Every structure is written in C-alpha cells, then in structure tokens.
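Results of the structural survey
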Amino acid sequence: MATLKDFKGDQPTWCPGCGHFSVMASLQKAASEIGLEPHDMGVVSGIGCSGKISEYTRAYGFHTLHGRSLPIAQGAALGNKDVQIIASGGDGDGYGIGVGHFIHAVRRNVNMTYLVMDNNIYGLTKGQTSPTSQQGFITKSSPKGSVESPVHPLETALANGITFLAQGFSGDIKQLNEIVKAALQHKGFALVNVFSPCVTFNKVNTYDYYKENLVDVSTFTNYDKTDRMNAIKTIREKNGLVTGILFKEDKPTFTDLTKDFPEIAIAKQDLNLDSTILEKIEKQFQ
Ligand SMILES: Cc1ncc(C[n+]2csc(CCOP(=O)(O)OP(=O)(O)O)c2C)c(N)n1
Ligand code: SF4
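Presented here is a report on the structure given in the accompanying data block. (Residues numbered from 1 in each chain as written. Chains lettered and ligands numbered in written order. Predicted model: local features only at pLDDT ≥ 70, side-chain atom pairs only at ≥ 80, totals over all residues.)

1. As for the site of ligand 1
Surrounding ligand 1, one finds 19 residues, the nearest of these being G48, S50, G90, G92 and G123. Secondary-structure elements contributing two or more residues to the shell around ligand 1 are strand 3 (84-90), helix 4 (91-97) and strand 5 (121-122). Among the elements that make up the shell around ligand 1, the one with the highest residue count is helix 4 (3 residues). Taken together, the residues that form the shell around ligand 1 break down as 7 nonpolar, 10 polar and 2 charged. (Near = placed C-beta within 6 Å. Helix = DSSP H or I, 4+ residues; strand = E, 2+ residues; numbered from the N terminus. Nonpolar A, V, L, I, M, F, W, Y, C, P; charged D, E, K, R; others polar.)

Shown next, in the form of structure tokens:
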C-alpha cells in the first residue's frame, strides 16, 4: 500500500512557509489514507505557484494553461473513470481567468475534486491584486487599493448547484486532511477552497489573520451540511471566514446521467494512432 512518501514528486521550490506546502501534503496524505496508489491519481493544474502541485506530486500529471485546469480535468475524469482526478490551482487561476470554466464545472457535476489554493493575490507574477483580494488591498497593480469588491466563490458554487463544498486553512493541516479525504470520496464535483497564505507578497491575509478570524462550522450547534440555503446564509453572515464541510448532497453525476447515451465513436477507438486513424478522425470533424 502506498504511503505519503510514495506521492512525493519533484522537490518544491515554493518560498519557505508558503501555504501551498500544507495543501499538497494534505492531498498526498489523504490519497495514501484512502488507499490510492500514485497510478490511481491524476493531478491537473493551472499556472501559478499553486500550479506546481502537479510536478511536486507523484501521480499522473498535466500542467495546463492559466485558468484551464478544469476543462482538461473534466475530460480526464470522464475518459478515465478508474483514475481519481484532482484539478488544482490558485484563486487567480480559478476565479479570475478560469471563472467561466468554474461555474460550468460546478453545474456539470463530473466526479472529481477541485482544490483551490486561495492566497488572495497573484503569487507567481510577484504580487498583484487577485479576484479574492479585499477591497482596498494595496499591491503593485492597485497602488491606491483595490477598487472592486472580491468574488464570492463559495456562494457562487452553491448557487450553481455544487454537490460538495468545503473550506480549509493551510494553518490547520489536521482539519484540511479530513476535508480533502472527504472530498476525494465524494461522488460528484467537490470544491475545496483553502486559505493558503502567500508569505512573500501578502502581508494582510497572513496565518495570524486567519487564525484570528476563521470559525469552524463543526463548532456550531446543529449545523446542517445538507441545507444549501443555510450554507449560503452562514457564509454570508461570517463574511466567508468559515472552515469545514459546508455542504454535501448526493446527486447523480454527469456520468450517471449519460450512461445510456451512445458512446462517441472516438472514445471507443484504440488509441494506437497511426496515420490512417488520424485521417479518419480528421474526416469526422470536417
Ligand atoms: C493567459 C495568461 N495570462 C496571464 C498569465 C500570467 N500569470 C501567470 S500566473 C498568474 C496568476 C497567479 O496567481 P494565482 O492563480 O492566484 O496563483 P498563485 O501564484 O498565487 O499560487 C498570472 C496572471 C499567464 N501565464 N497566462
Ligand atoms: S510567492 Fe507566495 S504563493 Fe508563491 S511560493 Fe512564494 S509564498 Fe507561495
């Protein structure tokens, strides 16, 4: 049986203390704890410091374009039902350039996990305002403070029919590990948003800031994680600063709903791609 060590890939070059270390460790630990082997898992990532996770994890990997991890990951999940697919990236990648894919992935409910490392800033490009930056947040790209109010990814996901929603914090690995494990075991599209501090460029949303402000929904009396409206209300009331499993629903996945559809010819073909097959495929699309 694979252990956490078996999932370790290239040596990370993230800054010491970067929140992304904990996110990756939680994924690798969760994978080993639910009995996966590296060849049972595929990690698809976008561009950003966060996007490096597909290189630093020993599994099938696809480091895609900025904001494009979700379309690739959904295709990979639909085409490889025996492989556990995880899409991953930053808040800029997923809620900025990739936000259109995000909404459609949520409503499509393909069986996969989406792990977002939310540091409220663009880390890789050295500290610009991101879609989750607070209003008034000062960076090189917003020297007078960010004018726009931040996006609300959790409420957006709930409004569009998400079937599993959780939020974690890199400063609480134990909780994060449990959340990621539950997300991997969920049948359907699972979003885990993780507050993952950028220690180099974000001096506002720090570990201390999150430690002081986050509340765990499991400490609430009678929090019902099957109640979508209550999840939206709670997130609103707490200004998004909640952690834990916020919502879960059992609903048919995209694969369940399409199981009786005639298979697309290309998907049935033996991918021994010689020129005759390629010409045949080309003709189908002409
Ligand atoms: C199409 C395109 N536009 C812009 C960029 C430049 N770029 C690279 S990473 C990035 C944002 C990274 O921020 P985030 O997704 O939050 O990840 P982090 O680095 O903070 O982990 C941007 C704008 C790019 N690589 N490709
Ligand atoms: S720049 Fe920020 S997000 Fe990127 S590795 Fe360093 S601490 Fe992490």
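2. Looking at the pairing of strand 7 (residues 164-169)
Burial runs high along strand 7: 6 of the 6 residues are buried. The sheet contact formed by strand 7 and strand 8 (residues 189-195) spans 6 bridges and is parallel. Across the sheet, the residue bridging to Q167 is N193, located in strand 8. A crossover connection joins strand 7 to the parallel strand 8 through helix 7 (residues 173-185); in handedness this β-α-β unit is right-handed. Across 4 bridges, strand 7 lies against strand 10 (residues 242-248) in antiparallel orientation. Residue pairing across strands places L165 opposite F247, the latter belonging to strand 10. (Buried ≥ 20, exposed ≤ 12 C-beta atoms within 10 Å, placed from the backbone. Pairing = 2+ DSSP bridges. Right-handed = clockwise from strand over helix to strand, strands pointing away.)

3. Focus: the site of ligand 2
In the neighbourhood of ligand 2, the contacting residues comprise W14, C15, C18, H20, C49, N119, G123, L124, C198, V199, T200 and F201. Considered class by class, the residues forming the shell around ligand 2 number 8 nonpolar, 4 polar and no charged.

4. Examining the nonpolar core
Core analysis: the biggest nonpolar cluster contains 58 residues, and Y114, L165 and L246 have the highest contact counts within it. Y114 has contacts with L70, A87, A105, F189, A190 and L191, leaving out every residue within four places of it along the chain. (Core = buried A, V, L, I, M, F, W, Y, C linked by C-beta atoms within 7 Å. Contact = placed C-beta atoms within 7 Å.)

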